[in-house]
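So you can see what is in the structure, the chains are spelled out below.
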Amino acid sequence: MEMNESTIRKLEFDKVRELLSQRCCSSMGADLARALNPSRELLEIRQRQRETAEAASFVLRTGVNPMRSFDDIREIVNRARMGAVLSIAELNAAAGTLGISRSIKLKLEKECGSQELIAQIAYGLVDLRGTEEEIKRCILSDEEIHDNASEELAKIRRQIRVCHSRIRDRLETLIKSQSAAKILQEPIITIRAGRYVVPVRQECRGQMPGLIHDQSGSGSTLFIEPMAVVEINNELREWEARQREEIERILRELTAMVARSSDEIAVALTTLATLDFIFAKGVLAIDMNAVEPVVNSEGRLRVRRGRHPLIPREQVVPVDFWLGGEFTSLIITGPNTGGKTVTLKTCGLLALMAQAGLHVPGAEGCEFPVFSRIFADIGDEQSIEQSLSTFSSHMRNIVETLREVDSESLALLDELGAGTDPTEGAALAIAILERLTAMRVRTMATTHYSELKAYALSADSVENASMEFDVETLRPTFRLTMGIPGKSNAFEISRRLGMDEALIARARELLSKEAVRFEDVIENAEYHRAMAARERQVAEEARLEMEEIKKQVEQQRARLEEQRRAILGKARDEARALVRRARQEAEAAIAQLRTQRPESVPEQERAIQETRDALRALEDETAKRPAAARPSGIPLKPPADLREGETVLLVDIDKQGTVLKPPTERGEVQVQVGVMRLTTRLTNLRRAERADAPEPAGAGRSFGLRTAVSAELDIRGYDGQSGVQAVDLYLDEAFMAGLSEVSIIHGKGTGALRDAVWQFLRRHPHVDAYRLGQYGEGDAGVTVVKLK
């Protein structure tokens, strides 16, 4: 896009580029940011926008910008390519950049999909691990080569250390001698011109044979290299020369490695700078809370909740406006300092940002066309960088605009026609707008002229908009209203500031009837707009309140359903545990039963099988039964006056049974369920009537298979042991059948059988109490047993 510096400056796009450069990690990336210009190629713009979106998504997803600061080593690589030997610091910088290239390449390959643009750009990064590691192995810092850079260098440095040690040993011996104490200025060892020396008094010069390398400023001290160390000093200088030669050889080899990969490194540098620039765009979008705009080729412009990016977010008032659909020109009216110029700048700046591939600060749904040129005639007192423009400068800009615009241009005209006679200025402004509208130029213009408001109401493809003004506070609200021209508030403001009503009335008389009617129409439209806005706000608040209530109801319903499922699940677990315990007890009784009375094996096996089948059916039904809704006809609350013999529903296992005993004071109830007698809580029961209710106590029931258990047992003729075994089996059957009281006929005889039975009954777990029969029950020949 062709864009002159004046437009860049007026719309402050240069400041946005500077913000972008500050978010770059490298000087190369910052250079790309400062050189950023909008594009007018649709595909290129969309690709740039996609890059920014991917970068912002990456940073939000991982929580970090993957880019790091790296050195601009382009000159270093060029010097290596041309055959120069790189310095230690230059090689160290090259190794650092290669390491950054490798780590970023690995991170992006791991985090980005192969179809993402960023991943495709990252293909240009290099992984020259061999060169990088060899340089880092040889170089310790920007000034030092490692001893182990080569075997020869390690050997040379060992010899240098030996020479240093020998020299210092000899000089230490010399300065500590008694003869040297009189001729030395101080008993120290120092270095001059790279050679070890000692400070000798001037007057004792002849007493210290050696080479003079320096003297003090006063001339009283001479720095002499004693002859005893001259030869070793010479040897040291030779080793140091060999060290320099070896270091030069190492640097030459490392430089050759860089030179061999110079083309790859150059591509990697360009790629690093590009990625740094792209991720800076992503970070800027996050910082501005910006969105990716839709870019079209149909000339549609729509800004939703748009904000000027250079005004602090907590201060700026978002605006909504659109162009390019039913109208191509928008005339904005409103008070001074009311935000008209900021709205123009916002429109132009966001358009530049969109075409430069930057996200725009606004809400989802922002849409921009591809403008071939943007023309801005903006000069106002609110501008930080510009002073008030004259009418001539305005006209010069507009003349240039009219000469160069086309149907794909955007024209932003501030205070159109101002600075001259109002009548002529308004006429000229209307003529300019007619020309721009006829050319289908997207135009936004600000004005104070009522003639332009009326023109917009009658002309095709032209629309009014206004900046709101609060006459109560005498302050602008900075909100833009589409479709309604701004009303002049001069009279109302003057009244609130205390002007005489007579003066205001006279001023009103001087207005033409058309002007008065026009202002009345605007006032009426503004009133109805405000009423509609308030009604929309009330409706929106009501809608949000209903949605919140609905949300709370749904959450409460979900919590109740979760609680219901948890309660039913717990109840099923308890029921399954109860059935398992009953099965274990039944199996124990069966095992004991099989050891007794072999003459009744068929009946025993049948009873055993029936009991097992009943337990298995109850266990299976309890285990697999899903959490179901309460059957219809079953009360929600537990029964208040439960009586013996009533049919009830056990909620936890969803089975019906018969009440054996009324509830105790602790709220516990004994219930017969099939062949099982259970003790449960009253809260777990619901009264339910059904045709196939379980039989009363004493009948016994096993899911349709009936097992008759008599209320008495005759053991006359049994000995004590066999009688007790028969009683034990009988009591288990009576207990499982739900009998509450049974009679054991043992006869009177000697009383031995009765005593054996009573001894057994004392410790039996099913027995609650027992007694001798009364008159009519068999007297002393019968024991009546009350079961638990």
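Everything quoted here is computed from the prediction, not taken from an experiment.

1. Side note on the overall build of the protein
Reasoning step 1: Each helix and strand in the protein was counted, giving 22 helices and 27 strands.
Reasoning step 2: Each of the 788 residues in the protein was classed as buried or not, and the buried ones make up 46%.
Reasoning step 3: Pairs at least 24 apart in sequence give 67% of the contacts found in the protein among residues at least 6 apart.
Reasoning step 4: As displayed, the protein has an accessible area near 41000 Å², and 50% of this comes from carbon and sulfur atoms.

2. Some details on the environment of Phe-371
Reasoning step 1: Among the secondary structure elements, Phe-371 is positioned in the loop between strand E13 (367–369) and strand E14 (373–377).
Reasoning step 2: Separated by 74 residues in sequence, Phe-371 and Ser-297 have C-alpha atoms that sit 8.9 Å apart.

3. What about the pattern of salt bridges?
Reasoning step 1: One pass over the full model with this rule turns up 37 salt bridges.
Reasoning step 2: Across the pair Asp-147 and Arg-161 runs a salt bridge whose closest N-O atoms are separated by 3.5 Å. Pair noted here: Asp-147 is in the loop between strand E2 (144–145) and helix H9 (151–175) and Arg-161 is in helix H9, with a separation of 14 residues, a long-range link.
Reasoning step 3: Classification of Arg-161 as partly exposed rests on a relative accessible area of 44%.
Reasoning step 4: Across the salt bridge formed by Glu-298 and Arg-300, the nearest N and O atoms sit 3.3 Å from each other.

4. Concerning the confidence of the model for the protein
Reasoning step 1: Across the protein, the average pLDDT comes to 82, with 84% of residues at or above 70.
Reasoning step 2: In the model of the protein, helix H20 (residues 601–624) stands out as the element of lowest mean pLDDT, 60, in contrast to strand E12 (residues 360–361), which has the highest, 96.
Reasoning step 3: Between residues 380–389, whose pLDDT stays under 50, and residues either more than four places distant or in other chains, the model counts 16 contacts.

5. A short note on the packing of helix H8 (residues 129–138) against helix H11 (residues 227–260)
Reasoning step 1: Where H8 contacts H11, the axes come no closer than 10 Å and their chain directions differ by 160°. Considering their axes alone, H8 and H11 lie roughly antiparallel with respect to each other. The interaxial crossing formed by H8 with H11 has left-handed handedness. Contacts between H8 and H11 involve Gly-130, Thr-131, Glu-134, Ile-135 and Cys-138 from the first element and Ile-250, Leu-254, Met-257 and Val-258 from the second.

6. As for the pairing of strand E16 (residues 442–447)
Reasoning step 1: Of all six residues in E16, six are buried, a share of seventy percent or more.
Reasoning step 2: Burial along E16 is two-sided: the residues Arg-442, Met-444 and Thr-446 and Thr-443, Ala-445 and Thr-447 are all buried.
Reasoning step 3: As paired elements, strand E15 (residues 409–413) and E16 share four bridges and run parallel to each other. Of the residues in E16, the one forming a bridge with Leu-412 is Met-444.
Reasoning step 4: Note that the unit made of E15, helix H15 (residues 422–438) and E16 has a crossover that is right-handed.

7. Things to note about the packing of aromatic side chains
Reasoning step 1: All told, the structure shown has two aromatic pairs when counted by the stated rule.
Reasoning step 2: Ring geometry for Trp-758 and Tyr-770: centres 5.2 Å apart, planes at 70°, overall edge-to-face. Placement of Trp-758 in helix H22 (residues 752–762) and of Tyr-770 in strand E26 (residues 767–772) is noted, with a sequence separation of twelve residues between them.
Reasoning step 3: The side chain of Arg-192 reaches across the aromatic face of Phe-223, ending 4.1 Å from its centre.

8. Here's the deal with the sheet that holds strand E17 (residues 462–470)
Reasoning step 1: Ordered in space as E14-E15-E16-E11-E17-E18, the six strands form an open sheet in which the pairing is mixed. Taken across any chain shown, the strands that pair with only one partner, and hence form the sheet edges, are E14 and strand E18 (475–482). The average undirected angle you get between the axes of adjacent strands in this sheet is 15°.
Reasoning step 2: Running at roughly 160° to E14, helix H14 (residues 391–404) makes contact with E14 and E15 of the sheet.

9. Observations concerning the side chain of Glu-468
Reasoning step 1: Here Glu-468 lies in strand E17.
Reasoning step 2: Assessed through its relative accessible area of 16%, Glu-468 is described here as buried.
Reasoning step 3: Side-chain polar atoms of Glu-468 contact the side chain of Thr-481, separated by 3.4 Å.

10. Focus on unusual backbone geometry
What is expected of a backbone is that most residues other than glycine have negative phi and most peptide bonds are trans.
Reasoning step 1: One non-glycine residue, Glu-12, lies in the positive phi region at around 65°.
Reasoning step 2: Note on placement: Glu-12 falls in the loop between helix H1 (5–10) and helix H2 (13–22).
Reasoning step 3: Look at Glu-12 and you get buried, because its relative accessible area is 10%.
Reasoning step 4: The backbone phi angle of Asn-289 is positive, close to 55°, even though this residue is not glycine.
Reasoning step 5: When you line up the elements, Asn-289 lands in the loop between helix H12 (262–287) and strand E7 (290–291).

11. Structural notes on the nonpolar core
Reasoning step 1: Core analysis: the largest hydrophobic core is formed by 96 residues, its most contacted members being Phe-13 and Phe-321.
Reasoning step 2: Of the residues forming this core, the biggest block, 13 residues, is contributed by H12.
Reasoning step 3: Leaving out residues up to four positions away in the same chain, Phe-321 has contacts with Leu-301, Arg-302, Val-303, Leu-330, Thr-343, Cys-347, Met-444, Leu-480 and Met-482.
Reasoning step 4: Residues Ile-331, Val-441, Tyr-455 and Val-462 belong to the second largest nonpolar core, which totals 22 residues.

12. Looking at helix H13 (residues 340–355)
Reasoning step 1: A rise of 1.5 Å per residue sets the reference length of H13, with its 16 residues, at 22 Å; its end C-alpha atoms lie 23 Å apart and thus fit the reference within 8%.
Reasoning step 2: Most of H13 is tucked away: 15 of the 16 residues are buried.
Reasoning step 3: Remark: Gly-357 follows H13 within two positions and exhibits a positive phi of approximately 90°.

13. A short note on a negative patch on the surface
Reasoning step 1: A cluster of acidic residues, Asp-71, Asp-142, Glu-143 and Glu-144, forms a negative patch on the protein surface.
Reasoning step 2: Inspection of the secondary structure puts Asp-71 in the loop between helix H4 (42–62) and helix H5 (74–81).

What counts, and at which threshold
Residues numbered from 1 in each chain as written. Predicted model: local features only at pLDDT ≥ 70, side-chain atom pairs only at ≥ 80, totals over all residues. Heavy atoms only, no water. Helix = DSSP H or I, 4+ residues; strand = E, 2+ residues; numbered from the N terminus. Buried < 20%, exposed > 50% of the residue type's maximum accessible area, 1.4 Å probe, protein only. Contact = heavy atoms within 4.5 Å. Areas by Shrake-Rupley, 256 points an atom, 1.4 Å probe, with all protein chains shown as cover. Salt bridge = Lys/Arg side-chain N within 4 Å of Asp/Glu carboxyl O. pLDDT = per-residue confidence, 0-100. Axes fitted to C-alpha atoms, helices over the stretch in contact; angles between N-to-C directions. Parallel < 35°, antiparallel > 145°, perpendicular 65-115°, else oblique. Left-handed = near helix turned anticlockwise from the far one by under 90°. Pairing = 2+ DSSP bridges. Right-handed = clockwise from strand over helix to strand, strands pointing away. Phe/Tyr/Trp six-rings, centres within 6.5 Å; stacked < 30°, edge-to-face > 60°. Lys NZ or Arg CZ within 6 Å of the ring centre and 35° of its normal. Polar contact = N/O pair within 3.5 Å; in protein donor to acceptor, adjacent residues only side chain to side chain. Core = buried A, V, L, I, M, F, W, Y, C linked by side-chain atoms within 4.5 Å. Expected span 1.5 Å × (residues − 1). Patch = residues over 30% accessible without salt bridge, like charges linked within 9 Å, V, L, I, M, F, W, Y side chains within 5 Å. Lys, Arg positive; Asp, Glu negative; His and termini not counted. Charge placed at Lys NZ, Arg CZ, Asp CG, Glu CD.

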